[in-house]
Amino acid sequence: MERLRTIGGVPPILPSLTDQIEEYLLKPEDLQIHDPIYSRRWWPRVPDPLSLYTISVGPPSSTLEVERDPATGAITGLREVAIQDAGSTAKNSLSMKRAPGPPEEIVRGSSTNFPFWPGGFPEPSLDQTFLGSSDLNFKNLLNKHPKLSRGMEFAKEEVKEEVKEVEEVKEEPKPSELIVSIADMLQVDENVLKIFDAKEERTKGKAELKLDDDNDAEEGSTLESAVIAEPAPKIEEHVLKISEEAPPRHPKSTEWAEMIDVSAPVDDFHARVPNMAIQYPFELDTFQKQAVLHLQNHDCVFVAAHTSAGKTVVAEYAIALANKHMTRSVYTSPIKALSNQKYHDFRTRFDDVGLLTGDIQINPKAACLIMTTEILQSMLYNGSDLIRDLEWVIFDEVHYINDPDRGHVWEEVIIMLPSHVNIVLLSATVPNTLEFADWIGRIKKQKIYVISTTKRPVPLEHYLYTGMGGKSKNERFLIVDSSGKFVKKGYNDAVAAKKERASKAQQQYGPKHRQNIGEKQEKNMWIGLLDHLTKCELLPIVAFTLSKKRCDSNAAMLLSQDLTTQKEKHEIDSFFKMCVDRLQGTDRELPQILHTRELLRKGIGVHHSGILPLVKEVVEMLFSKGLVKLLFATETFAMGVNMPARCVVFDSPRKHDGKRFRDLLPSEYIQMAGRAGRRGLDPTGTVVILCKGDVPELSELHAMMLGKPTKLESQFKLTYSMILQLLRVEALRVEDMMKRSFSESFQMKNQEKYERELKKVTEEMTNLPSISCMLCKDNEEYYAVTRDYITFRKEFFTTVYLQAGLAKVLSPGRLVLISHNQFQNQLCCIVRVDSKTKGKITVLTLLDERNKVTLTDEEASIRELLAAGKSGLQILEKTSHHDIVEIPAEGLVALVSKTLKVDGEKIIDNVKKRQIPRFRDDPPSSSVMEALKELQRINESGGEGLKYLDLRKDLNIRKLETVDKISLLEQLKGKVLKTSMECPQFAEHFSQTYKKLKLKEDIARLKYLMSEESLHLHPEYQMRLEVLKQLGYIESSGTVTLKGKVACEMGNHELMITELVLENVFDNMPIEETVALLSSMVFQQKNCSEPSLTPELESGIKKFKSVAQKIGEVQRDCGLKEAVGDYVDQYNFGLVEVTYEWALGKPFNEIMSRTDVQEGITVKCIQRLDETLRDVRNAARIIGEPTLYQKMEEASTAIKRDIVFAASLYTQ
């Protein structure tokens, strides 16, 4: 130690930093950049043309498998088996066995990847071109080239042996016959014994491959004979499937979905599921137990139950099962806010949870991923490798499929899911659960178990509130009790209370006093209601106010009320400060934040889309803690968020849906009212409807509260993005996607029925005798012309029946010729014309033996076609009987100029009277006899001298369209009369021709119904294909071009953004202008203040609109119905100034002073704008534009800051 001190201490371990800096500055020649290895070097290049011939070795196309004796298990030899997916990658294959992609594409995939093969689609047939196929023909092999003198000699004996071997192989049973089920084993069948006789006869060869084994092994075959021996059987060959039942070959439509009886208790639940994947501290409800049982069996389930019934338990159990099986699960939600909340909830239940939304990616490789449905859609189209491990997909709020804008995404995702993925569907109660489940089961070829319950864990009581504060503040009347029974007395009492107050007001202010209330009266009403509900211990309250402005105004109006204690105020202040401290600078002093803090201290909250996301989450968390006593919220608060209250108040039972004011639908009302009642805390939930004006009608209330919820309906639509995504994969077709949509479920359900009918009709067609008559060669032409004439005639008289000229002529007493069932060209007298029943005409007609018989549809049609070829009326032989007949207007053939003087009603009464058995023998009345005599006279004369009305002249029809129809009708009639009918047996021969042609039509109709042309969206698909061809996104052959691949990168407005990118609109545009103009793609609010624009922004807007104009015009020219103006107007430039200033770096409070758009909508718009910038950046990468790529990166960095992209509280 002393010695160390004398020499100056411990020697330095590292060189002195001062010495290093001095050496660096004073000796630059020692820097590494001057080392020789960094200098230019040159190597002589030696030409090597042979290196160009080098071919990389491809993956093996086959492998060897061991053969075993099925009885003893002894190894008997080897067989060569083809590797079906050799060389498969995400760029060329849809198989699950393809090679994984790069690590960076595991989660999101890539737009150049193929999706995995969707479940339920028919598997593509594999080409058996590999060696070992028994289809090879060894008889016609050449032994020399035709232009060569010599070739290769083959021993004849060997060829014969090979041929013989092939023939023997062909006689062997097919591999499929060797797979039997336990049901087949119970039957005495020789096929079962064949598994023990499946040993192959092998030929001896010089080169043998022997296997050493303890047992006596058979001689190994040569590789050549092994290849020729037989096609490679499946792995399951020689395996008795004891645990499986034989699957139904032709399942009925009802077998794809099964409704589970939730009223039957599951007493043996714990015995059937002894070790649950996740434990609950409470006993599960019956519907939850039923769902768990089916999840344990890997079945797909559809759970439909009321809000807060406990559907989340089913979702949690599916996630727990996936964790137990070491697979993945995906939970999808309709909105991003709900995804954040579910991530927060599930993170406390499970260890490995991730979140994927448009702008957030947390733990993306987690076992349980929570995402929006659009993210899952993108992953499926882009072939994400995460799909391989996916076992369960949980679709929450499935009734969101009714959304007209986004509902199609749910259908696309369900269709595109691979077959190994099981589905859990969670929905509010809907009336057509079985129909929806049947559709899913049919397209996925999996049975869906429907578990539907209408039971509420907390029953609801519905009230009308007519109080206006003061003495009337307790006027709350029960109209629906907890058992769901409508209480009419309560409704009558509410009406009486309202009338009493109205009469007092009229006495005070006069009879013209209106019921509308002002702001002061409304404030008194809310104060009285709060006081009443507080005394009844019904706080907390959710007041659904279906207008953002009214939410804000109502909350501000009640600032004078204080609903919290000092302790609660302190808790609110500390929590609010903790959340707001995450913000920076002036964002903490935003007016909305300060106002919300003041409201929350009073126990009042506001929740709607105009509130900042961070503030909205603060309100939700405080409400869940019970610190918010009164929450004014819009409809979105009821969407999936599990935040029940003790009482729900409806500010009004009417809403504006974007088009008009209307009453709430039953599903909307039930969804919001279901937030009343906290399970385990409240015996009942209280729902109160405010009657500010008059009390709503009884029928309206009954329909809203007790009516059936809205059915699940298809909103499937064709988008350019979907079309391009499927066109780039040859194996998938857009038509297959359309076939499997919910809108086509009826057609798909009947496909098997159509196939059976087609087979039956085709057999009938082949059994029909042929007609050898030379005179009836024009029968088919006669049928076609006559059918067109009859069809047009029916349409003509139906359309012109109610026109003024014809209506005057068709009066009682008018003689007409009719064509109706057995009455063809029959002379009748009109006795009644009823215009109220869509053209029903009652006529009096004579009868003979032919007209008494009721004909089949086929017989009536033949008689009608034959009668159309004759002019004049049908002559009756015996006219001793008569009757009155009711015909439609289309049954008219011609109008006779003659009119009889009759009393039509007397004739009808007399004929009907004599149809009663007691009066059957009575003679006809005089009015009937006079009409019958005239009809008989004309019939006996053969219609000689009978004149018909000229529809143009006599009816004085001047309408050009009708005149043209009359001319066409006459032309068609002339063609019919000119067609040959010379054969004496024409009627008999034509009947045979009719049957043949009718069968042909039936075959054509059935083939059409089974074809893709019958799809509802097929015409629109052809139009959209033409749009893509004209704009250059696909070639005439349907191949997707580079332009189309760029469009595949876009999340929305794919055509518009692609055109802007490829027309170089952004090249010379600064970043802030690019950001501002692209905001038009995501901003959707219709009414907002006019922005202040710079000349450059105005010029950019003109460019955008010109591009949109071009696309709209192409769509119009291709037949799409969307107006050009509507297409252009969908791009809203109302937030251009705000986003422009934000991209320049201005603080948030400053940019909000430039618009009247609320803060929450602005934040959401800028967040979605970042997704659009990312799409453009990906497009720049594809087309090789590094400058544009860099510009989009900088633009994204410029807007991703401060409160707009503040992290969600649920993710912290």
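Student: Explain the pattern of salt bridges residue by residue, including any values.
Tutor: Oppositely charged side chains are able to pair whenever their charged atoms sit close together. Scanning all chains against the criterion turns up 57 salt bridges. A salt bridge links R550 to E522; its shortest N-O distance comes to 2.4 Å. Within this pair, whereas R550 is found in helix α16 (residues 548-557), its partner E522 is found in helix α15 (residues 519-535), the two being separated by 28 residues in sequence. R550 sits in the partly exposed class, given a relative accessible area of 30%. Between K998 and E1001 there is a salt bridge; the shortest N-O distance is 3.8 Å. Placement of the pair is K998 and E1001 together in helix α33 (residues 986-1010), with a separation of three residues, close to one helical turn. Classification of E1001 by relative accessible area gives partly exposed; the value is 24%. Each of E635, K655, D657, R662 and E668 takes part in a single network of salt bridges with overlapping partners.

Student: Quick one: what's the story with the packing of helix α29 (residues 857-868) against α33, residue by residue and with numbers?
Tutor: Two elements in contact, α29 and α33, have axes separated by 11 Å at closest approach and are oriented at 125 degrees. One way to sum up the angle between α29 and α33 is to call them oblique. Relative to α33, the crossing made by α29 is right-handed. Taking contact as the criterion, the partners of E858, S861, I862, L865 and L866 in α29 are, on α33, F986, A987, F990, S991, Y994 and K995. Among the residues making up the contact of α29 with α33, the classes are represented as seven nonpolar, two polar and two charged.

Student: Residue-level account of the environment of V800, with values.
Tutor: Locating V800 in the fold gives a position in helix α26 (residues 779-800). Overall, V800 belongs to the buried group, its relative accessible area being 3%. Once residues within four sequence positions are removed from consideration, V800 is found in contact with L806 and T962.

Student: Quick one: what's the story with unusual backbone geometry, residue by residue and with numbers?
Tutor: A cis amide bond, omega 5 degrees, links L539 with the succeeding residue P540. Inspection of the secondary structure puts P540 in the loop between α15 and β14 (541-544). For E397, which is not glycine, the phi dihedral falls at a positive 55 degrees. Non-glycine residue N825 carries a positive phi angle of around 55 degrees. Taking the relative accessible area as the measure of exposure, N825 reaches 5% and is therefore buried.

Student: Requested: an account of the side chain of E1141, with residues and values cited.
Tutor: By secondary structure assignment, the location of E1141 is in helix α40 (residues 1136-1143). A residue is classified by how much of its surface remains accessible, and E1141, at 10% relative accessible area, is buried. A polar contact of 2.7 Å, which involves the side chain of E1141, links it to the side chain of K1146. Apart from the residues lying within four places of it in its own chain, the contact partners of E1141 are K1146, I1151 and R1154.

Student: How would you explain the sheet that holds strand β22 (residues 823-834) if you had to name every residue and give the values?
Tutor: Pairing within the open sheet is antiparallel, and its five strands lie in the order β24-β23-β22-β21-β25. Bordering the open sheet on either side are β24 (881-888) and β25 (892-899), each of which pairs with just one other strand. Ignoring strand direction, the axes of neighbouring strands in this sheet form an average angle of 35 degrees. In this sheet, β25 lies alongside strand β21 (residues 814-820) in antiparallel orientation, the contact comprising four bridges. Opposite L817, over in β25, you have A894 as the bridge partner. Sheet strands in contact with helix α31 (residues 926-940) are β21, β22, β23 (840-847), β24 and β25, and its direction is about 65 degrees off that of β23.

Student: Account for the confidence of the model for the chain, naming residues and giving values.
Tutor: Confidence in the prediction for the chain averages 83 pLDDT; 86% of positions are at 70 or higher. Per-element confidence in the chain is highest for strand β9 (residues 390-395), whose mean pLDDT is 96, and lowest for helix α6 (residues 223-229), whose mean pLDDT is 35. Counting interchain partners and residues more than four positions distant, the pLDDT-below-50 stretch residues 1-7 has one contact. Every residue in residues 509-514 is under pLDDT 50, and counting partners more than four places away or in other chains gives three contacts.

Student: If you had to explain the pairing of strand β5 (residues 328-333) to someone new, which residues and values would you point to?
Tutor: The buried fraction of β5 amounts to six of the six residues, a majority that puts the element mostly inside the structure. Residues R328, V330 and T332 point to one face of β5 and S329, Y331 and S333 to the other, with burial holding for every one of them. For β5 and β9, the ladder comprises five bridges, and the chain directions are parallel. The partner of Y331 across the bridge, within β9, is I394. The pairing of β5 with strand β8 (residues 368-372) spans five bridges and is classified as parallel. Among the inter-strand pairings, T332 is bridged to a residue of β8, identified as M371.

Student: Go over the side chain of N113, please, and point to the residues and values.
Tutor: Following the sequence through the fold, N113 ends up in the loop between β2 (75-82) and α3 (156-171). Look at N113 and you get buried, because its relative accessible area is 2%. Among residues more than four places away in sequence, those in contact with N113 are A90, K91, E105, Y381, N382, G383 and R728.

Student: Tell me about the sheet that holds strand β10 (residues 422-427), and name the residues and values.
Tutor: Spatially, the nine strands line up as an open sheet ordered β3-β11-β4-β10-β9-β5-β8-β6-β7, and their pairing is mixed. Looking at which strands have only one partner, the edges of the open sheet turn out to be β3 (257-259) and β7 (361-362). Against the sheet, helix α11 (residues 373-381) touches β5, β6 (353-356), β8 and β9, its axis set at about 105 degrees to β8.

Student: So what's going on with a negative patch on the surface? Which residues, and what values?
Tutor: Together, D19, E22, E23, E29 and D30 give the surface a local cluster of negative charge. Tracing the chain through its elements places E22 in helix α2 (residues 17-26).

Student: Describe the nonpolar core, and please don't skip the residues or the numbers.
Tutor: Grouped together as the largest cluster of nonpolar side chains are 209 residues, with contacts concentrated most on F395 and F436. Per element, the largest residue contribution to this core is nine residues, and it comes from helix α42 (residues 1159-1183). Every residue in contact with F395, bar those within four places of it in the chain, is listed here: T332, L376, W410, V413, I414, L417, I423, V424, L425 and L426. One finds C828, L865, A868 and C983 within the second-largest nonpolar core, a separate group that totals 44 residues.

About the cut-offs
Residues numbered from 1 in each chain as written. Predicted model: local features only at pLDDT ≥ 70, side-chain atom pairs only at ≥ 80, totals over all residues. Heavy atoms only, no water. Salt bridge = Lys/Arg side-chain N within 4 Å of Asp/Glu carboxyl O. Helix = DSSP H or I, 4+ residues; strand = E, 2+ residues; numbered from the N terminus. Buried < 20%, exposed > 50% of the residue type's maximum accessible area, 1.4 Å probe, protein only. Axes fitted to C-alpha atoms, helices over the stretch in contact; angles between N-to-C directions. Parallel < 35°, antiparallel > 145°, perpendicular 65-115°, else oblique. Left-handed = near helix turned anticlockwise from the far one by under 90°. Contact = heavy atoms within 4.5 Å. Nonpolar A, V, L, I, M, F, W, Y, C, P; charged D, E, K, R; others polar. Polar contact = N/O pair within 3.5 Å; in protein donor to acceptor, adjacent residues only side chain to side chain. Pairing = 2+ DSSP bridges. pLDDT = per-residue confidence, 0-100. Patch = residues over 30% accessible without salt bridge, like charges linked within 9 Å, V, L, I, M, F, W, Y side chains within 5 Å. Areas by Shrake-Rupley, 256 points an atom, 1.4 Å probe, with all protein chains shown as cover. Lys, Arg positive; Asp, Glu negative; His and termini not counted. Charge placed at Lys NZ, Arg CZ, Asp CG, Glu CD. Core = buried A, V, L, I, M, F, W, Y, C linked by side-chain atoms within 4.5 Å.

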